[in-house]
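# Structural description and commentary
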Amino acid sequence: MVGDSIGWTPIEIKTIINEALIGAHEDGREQLNYRDWLSARDVRMLGLKQPAQYSTDDKRSIAYHEAGHAVVARYLQPENRTLKASIIRMGDALGVVQRSPREERYTKHAREIETDIMVSLGSRAVEECILKTKMAGASSDLQSATAYAFAYVGAFGMGSSLLTPPISALGGMPGPIMQMADKLLDQLFEETKRLIGEKEYAVHAVASALLEKGELIVSELEEVFTFADEAHPEEAKPFERRP
């Protein structure tokens, strides 16, 4: 719970604890547990759970979509914890993978922003590499990746140019910035697909667990990844980014 609340204000923490206690009381318990905390956190951040009767194909597609995010985060971002992966609808989200830094951070390196982009692209990589399709559900992920790419090249000067022009009055990006961002996305998408190819066994493991349980909290995800890695020792070696 302490790790989950890095960067929160005391009021935010108090609110989530109070709502978690209400959930525990409604369940007939006098003490809250970690699931109560996560449920209260989800309601505040994502909205109420709205269990949907997915078709078999939709449920499988959503499970693999979220597994893509979880797998890329697992092997590229040791500085973060994956708190939960879920295919239970909450608010407008059909599924979610929640991450949190292991410690409070105030700066970000280029490599870290690149991995944020790759985590966002993990869903589309799984669609193309494993499901052999493209799904409309990846639109918000692509928007997130695009926003990171624009910041990377257009605001932080981390691309091939140090120019950081202001956004135009109409909110658009200059053409050269668009081209650099597009090139960055293409390069990182190829790297993401390579990672998914190397860790396909882990994608199947996480997706299968999500299909069985609906959602996985941090300890359950750790068990799934550990078992998958132990069952595939040759493929379980650390993923190495290309320069």
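Residues numbered from 1 in each chain as written. Predicted model: local features only at pLDDT ≥ 70, side-chain atom pairs only at ≥ 80, totals over all residues. Heavy atoms only, no water.

## Remarks on the packing of helix 3 (residues 56-76) against helix 4 (residues 110-131)
Relative to each other, helix 3 and helix 4 sit at 135 degrees, their axes nearing to 8 Å. As summarised for this structure, helix 3 and helix 4 are arranged oblique, according to the angle between their axes. In this structure, the crossing between helix 3 and helix 4 has a hand that is right-handed. Contacts between helix 3 and helix 4 involve Arg60, Ser61, Tyr64, His65, Gly68, His69, Val72, Ala73 and Leu76 on the former and, on the latter, Thr115, Met118, Val119, Ser120, Gly122, Ser123, Val126, Glu127, Ile130 and Leu131. Its residues assigned to classes, the contact of helix 3 with helix 4 comprises nine nonpolar, eight polar and two charged. (Axes fitted to C-alpha atoms, helices over the stretch in contact; angles between N-to-C directions. Helix = DSSP H or I, 4+ residues; strand = E, 2+ residues; numbered from the N terminus. Parallel < 35°, antiparallel > 145°, perpendicular 65-115°, else oblique. Left-handed = near helix turned anticlockwise from the far one by under 90°. Contact = heavy atoms within 4.5 Å. Nonpolar A, V, L, I, M, F, W, Y, C, P; charged D, E, K, R; others polar.)

## Remarks on the pattern of salt bridges
Tallying each qualifying case throughout the model produces 18 salt bridges. Note that glutamate 215 is salt-bridged to arginine 35, the shortest N-O span being 4.0 Å. With a gap of 180 residues between them, glutamate 215 in strand 3 (residues 215-217) and arginine 35 in helix 2 (residues 34-45) connect regions that are remote in the sequence. The class of glutamate 215 is buried, set by a relative accessible area of 11%. On the accessibility criterion, arginine 35 (35% relative accessible area) is partly exposed. (Salt bridge = Lys/Arg side-chain N within 4 Å of Asp/Glu carboxyl O. Buried < 20%, exposed > 50% of the residue type's maximum accessible area, 1.4 Å probe, protein only.)

## Some details on the nonpolar core
For soluble globular proteins, nonpolar side chains are generally found buried alongside one another. Val71, Ile117, Leu195, Ile196, Val203, Val206 and Phe225 are the most contacted members of the largest nonpolar core, which totals 49 residues. Secondary structure elements with two or more residues in this core: helix 3, helix 4, helix 5 (139-154), helix 6 (175-198), helix 7 (200-213) and helix 8 (218-231). Per-element tally for this core: the top contributor is helix 3, with 10 residues. Among residues more than four places away in sequence, those in contact with isoleucine 117 are Ala145, Tyr148, Ala149, Leu184, Leu185 and Leu188. In this structure, Trp8, Ala20, Leu38 and Ile217 belong to the second largest nonpolar core, which totals seven residues. (Core = buried A, V, L, I, M, F, W, Y, C linked by side-chain atoms within 4.5 Å.)

That's the geometry; what it means functionally is another story.
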